[in-house]
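Now for the letters of each chain:
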Amino acid sequence: MTLSPKIEARHQQLQAVVYIRQSTPKQVQSNQESTRRQYQLAERAQVMGWPPSQIRVIDEDLGLSGASSRQRTGFQKLVAAIGLGEVGIILVTEVPRLSRCNSDWHRVIELCGVFRTLIADEDGVYDQSC
């Protein structure tokens, strides 16, 4: 993930949220490299210009499937923060980490477009408001 011209000063005045999720408790145990890479996104947020005080890590959904947001309180907090206009960028290793459920996925994309929240993964930075 490199610096992107899509990142504006207004984004950096808001939170950079690192959303971390593994689908099952077994994956959390056996795929520790994936979990470590997800936590390293906080460092990438700093490289992208966010001060540590504005980087929030949401990791309470470790071991929970992305098939539904019902039990994923971390995902619910992320959606609420976007809707309150608090988030400038969401960082995930892969965009599908956010949700495997179409209705949840579309809600996040729509909110990101309305509030001009960027989404970044290892391949790039995406602006849903365009």
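Once a new chain begins, its residue numbering starts again from 1 and follows that chain's sequence as written. pLDDT decides what is reported in this predicted model: residues at 70 or higher carry local features, side-chain atom pairs at 80 or more are listed and counted, and totals for whole chains, interfaces and linings draw on all residues regardless. Where side-chain values are given, they derive from all heavy atoms of the structure, hydrogens and water being excluded.

## What about the overall build of the chain?
- Of regular secondary structure, the chain possesses 6 helices and 5 strands.
- Start at the N end of the chain and walk to the C end: the helices and strands fall as α-β-α-α-α-β-α-β-α-β-β.
- Over its C-alpha atoms the chain spans a radius of gyration of 14 Å, differing by no more than 12% from the 14 Å that the globule rule assigns to 130 residues.
- With the principal axes as the frame, the chain shows a C-alpha extent of 40 × 30 × 25 Å.
- For the chain, buried positions account for 43% of its 130 residues.
- A fraction of 73% describes how many contacts in the chain between residues 6 or more apart in sequence connect residues 24 or more apart. Strands here are runs of E lasting at least two residues and helices are runs of H or I lasting at least four, both read from the DSSP assignment and numbered beginning at the N terminus. The globule rule used here is 2.2 Å times the number of residues to the 0.38 power, and the radius of gyration it is set against is calculated over C-alpha atoms. Classification of residues uses two cut-offs on accessible area relative to the type maximum, computed with a 1.4 Å probe and protein chains only: under 20% is buried, over 50% is exposed, and between them is partly exposed. Whether two residues are in contact is decided by their heavy atoms: any pair within 4.5 Å suffices.

## Describing the pairing of strand S3 (residues 87–91)
- For S3, the buried fraction is high: 5 of the 5 residues fall into the buried class.
- Two strands pair under a simple rule: DSSP has to find at least two bridges between them. Judged from the 3 bridges that link them, S3 and strand S4 (residues 118–121) form a sheet pairing that is parallel. If you follow isoleucine 90 over to S4, its bridge partner there is isoleucine 119.

## Points about the sheet that holds strand S5 (residues 124–127)
- The sheet built from 5 strands is open, its strands ordered S2-S1-S3-S4-S5 with mixed pairing. With one partner strand each, in any of the chains shown, strand S2 (55–62) and S5 form the two edges of the open sheet. Strand-to-strand, the axes of this sheet are offset by a mean angle of 25°, without reference to chain direction.
- Contacts between helix H3 (residues 32–39) and the sheet are confined to strand S1 (15–22) and S2, with S1 contributing the most and set at about 175° to the helix. Geometry is summarised by axes, namely lines fitted to C-alpha atoms with helices restricted to the contacting stretch, and by angles between N-to-C directions that run from 0 to 180 degrees.

## So, the pattern of salt bridges
- When a carboxyl oxygen of Asp or Glu lies within 4 Å of a side-chain nitrogen of Lys or Arg, that pair is called a salt bridge. Summed over the entire model, instances satisfying the criterion amount to 5 salt bridges.
- Here arginine 107 and aspartate 104 are joined by a salt bridge, their closest N and O atoms 2.7 Å apart. Of the two residues, arginine 107 and aspartate 104 both sit in helix H6 (residues 102–115), 3 residues apart, roughly one turn of that helix.
- Accessibility expressed as a relative area gives 35% for arginine 107, which makes it partly exposed.

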